[in-house]
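Structural features, examined
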Amino acid sequence: MPMSSEFHQRLSPILAEVAEAFGTPFHLYDEAGIRDTGRRLQAAFAGVPDFREYYAVKALPNPRILGLMADLGFGFDCSSIPEIELARRVGASGEDVLFTSNNTTREEMAACLAVGGILNLDDVTLVPKVPRMPDLVCFRYNPGPRRTGNAIIGNPVEAKYGVSHDQVVDAYRAARDRGATRFGLHTMICSNELEAGYFVETVRMLLEVVREVSDALGIRFAFVNMGGGLGIPYEPGQAGLDLERVGRDAARLLAGFAAERGYAPRLLMESGRFVTGPHGVLVTRCINHKHIYREYVGVDACMSALMRPGIYGAYHHVTVHGKEDAPADTVVDVVGALCENNDKFAVQRPLPRIDEGDLVVIHDTGAHGHAMGFTYNGRLRPQELLLREDGTVERIRRAETLADHFATLEFEPKKLATRDL
């Protein structure tokens, strides 16, 4: 949806000056909005004892942003060794780090164990491959036909993630037999979901699995992790998620479990998009018009800076700086320079007249924007800026350069002389 009125009020008066000083294109993030949403998340789950958010590093893996997450007391959900290192660099250690990956290597498991992180195993066959079974271990659960996924993440039966229902007891038994004494349960079966009831049912499902495994093995669970997937309304007029309802109903379910079992596991969450997504914009400049079978507005960014519209057909709201209230009386495709026809930020979108030199603002890029960038066609990823609470604007990542692009071509020669067959 359009950026919040507060974000707009902070950014609009200075945007032309920022673009002049830093050049375009750039992603810009709003510190005040990020902090406000982080506090809203904590308040919504205040009725859940020891609730903790683990920010999904993949959403916006910039140390300055991760530092804001650390200030809020969040942990970090990581899926690779570089993400573990990013979390470590902002002070995360021990159980501040939760490592969830798929087809995980021994090297990755060892990196998690080296920082004392929580190892979340995706497959029962990984148990004997863990270099050293930690005291606390978690499994990712895939409910298969017991639940339906949403449109983005798909049918759980077809998903490559997680331990199936008929494997789950055996998975915990195997981990216990290797020395684990504390246990967690995780799932992630939706993405960008806006229906609060979906998350409530996920908590209910996790507690049912905890009952089943506990009864079979006589173990207690330290936590359940309901995953991420909290959605944001990308389109104008789209209703947002009732986060407060999720928090209230989760607290009720956990209280009922505690009354029944004499304890309740902690509740963890790993939201990324919900916390930072609405608080970022991609700012690009109109550089060209093309008039053929359609009207095209060419800008100086391309899908290497924001690939969601190109690969998902995802909607991102687009406005023209200084013309927010002008009539949307032209229908255009807003496109970049990549040699791919899906390099489009907007398709057949009614917009005000866009002149060369106008700043075009693409909304809701604070998650899975820069992070999903790539360098196909030699198109380099843009800089990232942070609008700080004190009104200053700080560069928090420079744009990539030709030297960066060619850096991996500088290496010590290595050859293998193979035997002739």
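Anything mentioned here points back to the structure above.
1. Thoughts on unusual backbone geometry
That bond from T24 to P25 is cis: its omega, 0°, falls within 30 degrees of zero. Looking at the secondary structure, you find P25 in the loop between α2 (15-22) and β1 (26-30). Even without a glycine there, the phi angle at H368 is positive, about 60°. Among the secondary structure elements, H368 is positioned in the loop between β15 (359-363) and β16 (383-387). Phi at N377 is positive, roughly 70°, even though this residue is not glycine. Mapped onto the elements, N377 comes out in the loop between β15 and β16. Of the residues examined, N377 reaches a relative accessible area of 36% and is grouped as partly exposed.

2. Digging into the sheet that holds strand β7 (residues 182-187)
Adjacent strands of a sheet form backbone hydrogen bonds with each other and so pair up, either parallel or antiparallel. Spatial ordering of the closed barrel is given by β2-β3-β4-β5-β6-β7-β8-β9, a layout of eight strands whose pairing is parallel. Across the sheet, the mean angle from the axis of one strand to that of its neighbour is 25°, orientation sign disregarded. Bridge analysis of strand β5 (residues 118-121) against strand β6 (residues 136-141) gives three bridges, and the strand direction is parallel. Each residue of the ladder has a partner; that of N120, found in β6, is C138.

3. Thoughts on the pairing of β6
With six of its six residues buried, β6 lies for the most part within the structure. Here β6 shows two buried faces, one formed by L136, C138 and R140 and the other by V137, F139 and Y141. The pairing of β6 with β7 spans six bridges and is classified as parallel. Counted as the bridge partner of V137 is F183 from β7.

4. What about the nonpolar core?
Across soluble globular proteins, nonpolar side chains have a tendency to be buried as a group. Counting 84 residues, the largest nonpolar core has F45, M69, Y172 and L267 as the members making the most contacts within it. With twelve residues, the top contributor of residues to this core is helix α8 (residues 196-217). Those residues in contact with M69 that sit more than four places away from it in its chain are I34, Y55, F74, F76, V275 and T276. Residues L282, V299, L306 and V320 belong to the second largest nonpolar core, which totals 17 residues.

5. Here's the deal with the packing of aromatic side chains
When we look at a pair of aromatic rings, we describe it by the centre distance and by the angle of the planes. Inspection of every chain in the model, using the stated rule, returns seven aromatic pairs. The interplanar angle of 70° and the centroid separation of 4.9 Å between the aromatic rings of F139 and Y172 together place this pair among those described as edge-to-face. Within this pair, whereas F139 is found in strand β6, its partner Y172 is found in helix α7 (residues 168-177), the two being separated by 33 residues in sequence. Both residues of the pair, F139 and Y172, count as buried. Through a chain of ring-to-ring contacts, three or more aromatic side chains come together here, namely F139, Y172, F183 and F221. Its guanidinium or amino end placed over the ring of Y54, R52 lies 5.3 Å from that ring's centre, counting from NZ or CZ.

6. Thoughts on the packing of helix α3 (residues 31-44) against helix α9 (residues 243-261)
Packing of α3 against α9 brings their axes to within 8 Å, and their N-to-C directions diverge by 30°. One element, α3, and the other, α9, form an angle in the roughly parallel class. Between α3, through R40, L41 and A44, and α9, the contact on the second element is made entirely by L243, E244, G247 and R248. Within the contact of α3 with α9, the residues separate by chemical class into three nonpolar, one polar and three charged.

Basis of the calculations
- Residues numbered from 1 in each chain as written.
- Predicted model: local features only at pLDDT ≥ 70, side-chain atom pairs only at ≥ 80, totals over all residues.
- Heavy atoms only, no water.
- Helix = DSSP H or I, 4+ residues; strand = E, 2+ residues; numbered from the N terminus.
- Buried < 20%, exposed > 50% of the residue type's maximum accessible area, 1.4 Å probe, protein only.
- Pairing = 2+ DSSP bridges.
- Axes fitted to C-alpha atoms, helices over the stretch in contact; angles between N-to-C directions.
- Core = buried A, V, L, I, M, F, W, Y, C linked by side-chain atoms within 4.5 Å.
- Contact = heavy atoms within 4.5 Å.
- Phe/Tyr/Trp six-rings, centres within 6.5 Å; stacked < 30°, edge-to-face > 60°.
- Lys NZ or Arg CZ within 6 Å of the ring centre and 35° of its normal.
- Parallel < 35°, antiparallel > 145°, perpendicular 65-115°, else oblique.
- Nonpolar A, V, L, I, M, F, W, Y, C, P; charged D, E, K, R; others polar.

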